[in-house]
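The primary structure of each chain is shown beneath.
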Amino acid sequence: MIDQAALPADLQGAEAAIRRDLARSGAAAASTLPVLRYLVAAEPDNSFAEEVLARVKGILRDVAAQVLDALIGSIDRRAHAHEEVAVLSRAFLDDTIVLAHAHAVALEWQLTERLSTHLGLDPVVSPFVRARVAAGDALMREFLTAQARWVDRQRRMALPLVEVPAPVLDAVLAIVRALVEAEPALSNRVAAVEAEVRLRHDEISNRLMVAERVVADDAFEATAPVSACGVTLFLTAFAARSGQPRDGLVAAMQPGQQTRLALLLLAAGTPAALVDAQIREIHGRTGMPAVLAGIDAMRAAAILAQPGRAK
Amino acid sequence: MTVDEGTIVARAISDGQDRLLSADEPLAALQLRCGGDIPGMIAVPELLDLVGRARRACVRMTQAISAQDGNDAITFWVEADPEGEGCAIVVRSWQTAALISEDGAVAEERRVAIDRQIAELTAWLDSGQRLIAANTDCSELAPLADAMAQGVGRCWTDFLQPENVTHQQPLHWRLLDGGPVVFAGSSRPWRVSLIPQIRPGFEPSGFELLLLSDQAPSDCVAIPQAAAPVPPRGLVGQDLAPVLKQPIARIVANAETIRTRLAGPLPDAYAEYAGEIAGAGKLLLDLLDDMADLEVVEADSFSTTADYIDLSDVARQAAGILGVRAREKGISITTPAPADSAPALAEFRRVLQVLLNLIGNAIRYSPEGTSVDVRVDVNGDRARAIVADEGPGLSLEEQGRVFEKFERLGRSGDGGSGLGLYISRRLARAMNGELSIESAPGQGARFILEVPLDPEG
């Protein structure tokens, strides 16, 4: 139905297809050594851990299945042909925006699970959330529902389109449009599907939106540690304070990124003592790298902005 | 013209939807133990994958398949050859090894992961088991989830009534975990799984409640099933065994949890008692399997087919299947040389079942480091397979009793049910053959399976 590898019209086309294929495999071969070097040297639980890769794959396949649901009906998800899901997920894999978000989601979930094991931090009901809900906070009730839904989905390696940020949704829809262009019957359908998906996306406040409203609320303490407010709210608050993209901050919370994380926290105006405590919470053994003592917010921001030049 | 096909353990046929239409033993038994039917969708995941790929690509594919049937880890070699709409499946080199039982914590983690995967409703509870949030994807459960969302702060048992529990709710969560529940709006059987959020040293700060059912929702698209012939039914094997297996498996699992101190520290003596409970439960499960077999062979309608087989082949396969178990005890099995031939007219899977039982007994009751000798010969119009061990041997009086139902010869605690030899002799006689013993105390035992000779073989 959606077939990227349609038969080339002539020999020239075939040759072009072969060249493209060769270029792709050449690029893959060229990056083998750097990737291998990274993997061998990496600490366990790193951002290329098997679990994370499996999750990224699962998430991309889930998004593909949702698109197919919308295009050809969701009565029986198992009925989607292997090949169709594969073509779509490969197209998503080739897109930087979609892939980066899927990776960030997988990393955020990995962090959530890690802290749940190490700190006993409930993935849904953090101490802050529990206290606010007990106090009858309506906004927090909304957050709780959204977070519970998200956790449920993550356990199944699913990422509902309603949960993705708008730029990611745009990227997904653009890919789908480009893929079905060749198929007139589907082209007509895709416009309707797009409208429907966007409508549903706008209708509900997804987890990220509710989290933004929660951290903007007066009841939320901006520098609250992750053990108090939970991973979701911590990241959203951190993004709001630092002005950095949330997905990038998830990556900075990975093992081996302590220096970057410390600089980001300092640059966001977190007192040095708090930075040390927060890094210890996230990474267990190690705290703030000692070399960073005495660096203030301005200096941290400057180093982050021009890592090559600053001394 | 004959082509050397090597040793084939079993053959099977699948159709265009990867359903197993027919299968020889031991593949057929594995399919059933993995929860499948014949005919029915292939229930061994790796095999399903292989057959599906071979069928779609229209190419013959070969691969080693590993599977588990609940007791054993099984490895076998499969060739899937596209034929018609489906595949012809050939199985070679069947190896079983006792399943390495997972450490309690790992097993528990896996159980939780599976429960979360199949849960149709998830709710979050506070430390007093009061509702905080609820979430479902299932349209059937949407009203329940809505009601739960309205009833935040109330105890979850107000919405999901634990069956057979009249005690003032909520009970301690461990007593409610895994129990059946009922609620208005669904007639499916449901149970709950409670996962505590624990900080070591503290009472649980909250719980995750999973609502699970072993029955698929009605709006789930049914997989088209080929009409299956209704097999004759027996009470224990067909009706009682499936019902009993689940609670017994639960007893075993809980006893294992206690034994491995998963639920908290415990004096050694109690952990040992729990180990004994688990061991007894496992015996009970094996016994149920044997009872099911017993019912089949005792049924009036039981009959066997006459295949052209060579006892020598079957003996080598049986020895191969039990090779791992024998090596674990340091017992060597001598099998008939390929040149030895004993062509016979008997049902392949039944002969294999008898030989597996005989060789399995020999391994079980022989001292470590001894050998078990399997030979075949032809005696008049009979083909014979002889399994000889170097075990303690049996007195004449014991030989008279050993084929009786539930006869254990005073043994206990070794995993036997006392049904194996009884079933084996019934099988031998059903094939117009006989199963007999020659032994003397201290001299080991020789079990002799006789079946009709294939005069043209």
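Everything numeric in this text was worked out from a predicted model, so none of it was measured. (Residues numbered from 1 in each chain as written. Chains lettered and ligands numbered in written order. Predicted model: local features only at pLDDT ≥ 70, side-chain atom pairs only at ≥ 80, totals over all residues. Heavy atoms only, no water.)

**Student:** Requested: an account of a nonpolar patch on the surface, with residues and values cited.
**Tutor:** Residue and element names in this part refer to chain A. Side chains of Val35, Tyr38, Leu39, Phe48 and Leu53 sit close together on the surface and give an oily, nonpolar patch of about 440 Å² of accessible area. Considering every element that reaches the nonpolar patch, the biggest residue donor is helix 2 (residues 32-41), with three residues. Inspection of the secondary structure puts Tyr38 in helix 2. Note on Tyr38: relative accessible area 39%, which makes it partly exposed. (Patch = residues over 30% accessible without salt bridge, like charges linked within 9 Å, V, L, I, M, F, W, Y side chains within 5 Å. Areas by Shrake-Rupley, 256 points an atom, 1.4 Å probe, with all protein chains shown as cover. Salt bridge = Lys/Arg side-chain N within 4 Å of Asp/Glu carboxyl O. Helix = DSSP H or I, 4+ residues; strand = E, 2+ residues; numbered from the N terminus. Buried < 20%, exposed > 50% of the residue type's maximum accessible area, 1.4 Å probe, protein only.)

**Student:** Pulling in residues and values, what's your account of the nonpolar core?
**Tutor:** With 89 residues, the main nonpolar core has Phe92, Val129, Val214 and Leu233 of chain A as its most contacted residues. At 10 residues, the largest contribution of residues to this core is made by helix 3 (residues 50-72) of chain A. Sequence-distant contacts of Phe92 of chain A, that is, excluding residues within four places in its chain, are made with Leu60, Val63, Ala64, Val67, Val98, Leu99, Val172, Ile175 and Val176 of chain A. Judged by nonpolar contacts, the second largest core, of 71 residues, contains Val44, Cys87, Ile423 and Ile437 of chain B. (Core = buried A, V, L, I, M, F, W, Y, C linked by side-chain atoms within 4.5 Å. Contact = heavy atoms within 4.5 Å.)

**Student:** For the pattern of salt bridges, give the residues involved together with the corresponding values.
**Tutor:** By the definition in use, this model includes 39 salt bridges over all chains. Linking Arg280 of chain A and Asp276 of chain A is a salt bridge whose minimum nitrogen-to-oxygen distance equals 3.4 Å. Taken together, the residues span about one helical turn, with Arg280 of chain A and Asp276 of chain A both in helix 14 (residues 272-283) at a distance of four residues. Residue Arg130 of chain B is joined to Asp126 of chain B by a salt bridge in which the shortest nitrogen-to-oxygen separation is 3.1 Å. On the accessibility criterion, Arg130 of chain B (38% relative accessible area) is partly exposed. Relative accessible area serves as the criterion here: at 17%, Asp126 of chain B is assigned to the buried category.

**Student:** Now, about the environment of Thr305 of chain B: what can you tell me, with residues and values included?
**Tutor:** Residues and elements named next belong to chain B. With respect to the element layout, Thr305 can be found in the loop between helix 7 (268-298) and strand 13 (307-310). As for Thr305 and Met431, which are separated by 126 residues in sequence, their C-alpha atoms are 7.9 Å apart. When sequence neighbours within four positions are dropped, the list of residues in contact with Thr305 reads Ala346 and Glu347.

**Student:** Help me get a handle on the sheet that holds strand 16 (residues 371-379) of chain B, residues and values and all.
**Tutor:** Residue and element names in this part refer to chain B. What the five strands build is an open sheet, ordered 14-16-17-19-18; its pairing is mixed. Whereas interior strands pair on both sides, the edge strands pair on one side only; in this sheet they are strand 14 (332-334) and strand 18 (434-439). If you compare each strand with its neighbour and ignore which way they point, the axes differ by 15° on average. Note: strand 16 against strand 17 (residues 382-388), seven bridges, orientation antiparallel. The residue of strand 17 that forms the bridge with Val376 is Ala385. Sitting on the sheet, helix 10 (residues 348-365) touches strand 14, strand 16, strand 17, strand 18 and strand 19 (445-452), and the angle it makes with strand 17 is about 25°. (Pairing = 2+ DSSP bridges. Axes fitted to C-alpha atoms, helices over the stretch in contact; angles between N-to-C directions.)

Read these as layout, nothing more, since geometry by itself doesn't imply function.
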